[in-house]
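# Observations on chain architecture
Each chain, written out:
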Amino acid sequence: MNEEEKRQIFIRRLNSAPHAAKGFFETVAAHFERRNDTAVKYTRKDGGDMRLWAYWTTPRGAEKRQIFATLAWQPTAQTVFTRCQLAPDELELLGLTGATKPTSPTEPQRSDKRLGEDYWRLHVGAFIRILETARIKLVGV
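This section reports on the structure supplied with the text. (Residues numbered from 1 in each chain as written. Predicted model: local features only at pLDDT ≥ 70, side-chain atom pairs only at ≥ 80, totals over all residues. Heavy atoms only, no water.)

## Regarding the overall build of the protein chain
When helices and strands are tallied, the protein chain shows 5 helices and 5 strands. Start at the N end of the protein chain and walk to the C end: the helices and strands fall as α-α-β-β-β-β-α-β-α-α. Since a compact globule built from 141 residues should have a radius of gyration of about 14 Å, the 15 Å found for the protein chain is in line with a globular shape. Projected onto its principal axes, the C-alpha coordinates of the protein chain cover approximately 45 × 35 × 30 Å. Residue burial in the protein chain is summarised as follows: out of 141 residues, 43% are buried. Entry remark: accessible area of the protein chain is about 7900 Å², with carbon and sulfur atoms responsible for 50%. (Helix = DSSP H or I, 4+ residues; strand = E, 2+ residues; numbered from the N terminus. Rg over C-alpha atoms; globule rule 2.2 N^0.38 Å. Buried < 20%, exposed > 50% of the residue type's maximum accessible area, 1.4 Å probe, protein only. Areas by Shrake-Rupley, 256 points an atom, 1.4 Å probe, with all protein chains shown as cover.)

## Re the sheet that holds strand β1 (residues 38-43)
In a beta sheet, neighbouring strands are held together by backbone hydrogen bonds and run either parallel or antiparallel to one another. Strand order in this open sheet of 5 strands is β1-β2-β3-β4-β5, and the pairing throughout is antiparallel. In this open sheet, the two edge strands, each paired with only one partner strand, are β1 and β5 (111-115). Looking at each pair of strands side by side, their axes are set apart by 20° on average, direction ignored. Sheet topology places β1 next to strand β2 (residues 49-57); 6 bridges connect them, and they run antiparallel. Residue pairing across strands places A39 opposite W53, the latter belonging to β2. Sitting on the sheet, helix α2 (residues 19-33) touches β1, β2, β3 (63-74), β4 (79-84) and β5, and the angle it makes with β1 is about 135°. Helix-sheet contacts for helix α5 (residues 124-139) involve β1, β2, β3, β4 and β5, and the interaxial angle to β3 is about 150°. (Pairing = 2+ DSSP bridges. Axes fitted to C-alpha atoms, helices over the stretch in contact; angles between N-to-C directions. Contact = heavy atoms within 4.5 Å.)

## A short note on unusual backbone geometry
One non-glycine residue, Q78, lies in the positive phi region at around 55°. Here Q78 lies in the loop between β3 and β4. For Q78, a relative accessible area of 31% translates into the label partly exposed.

## What about the environment of E90?
Here E90 shows up in helix α3 (residues 88-93). Distance in space between the C-alpha atoms of E90 and R110 is 9.9 Å, their sequence separation being 20 residues. For E90, the residues in contact, after removing those within four places along its chain, are Q85, R110 and K137. At 2.6 Å, the side chain of E90 and the backbone nitrogen of A87 are in polar contact. Within the structure, E90 has its side chain in polar contact with the side chain of K137 (distance 2.7 Å). (Polar contact = N/O pair within 3.5 Å; in protein donor to acceptor, adjacent residues only side chain to side chain.)

Okay, here's the thing in structure tokens:
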């Protein structure tokens, strides 16, 4: 399955989502798609999710790439599930409270958070800044 087919699965999952939720995902994707040090990719996992990848070169010249955030629409709860590199206490310092640590000890991301309508409707700019901080933490630059 190619990348566009995976993206279409993700978009279909958003069909019944409110326009503001669709706009939330579109704004996040547009922000990171236009850069050369990040990429937006999609998977079929759990009905489709969006993965944000960071690309960088280490001081020794090694090419690196890794996911710094995952986002998914949860239609039943009408929430955006997000998982990222920042720990719950780091997210709290950035104004996003209520995050938890992932339950799996092998999960490379450091926090899970469900964003309700009050957040995804009004705070996409603040969330993009949080995602940028997660990318910076991962890359170290």
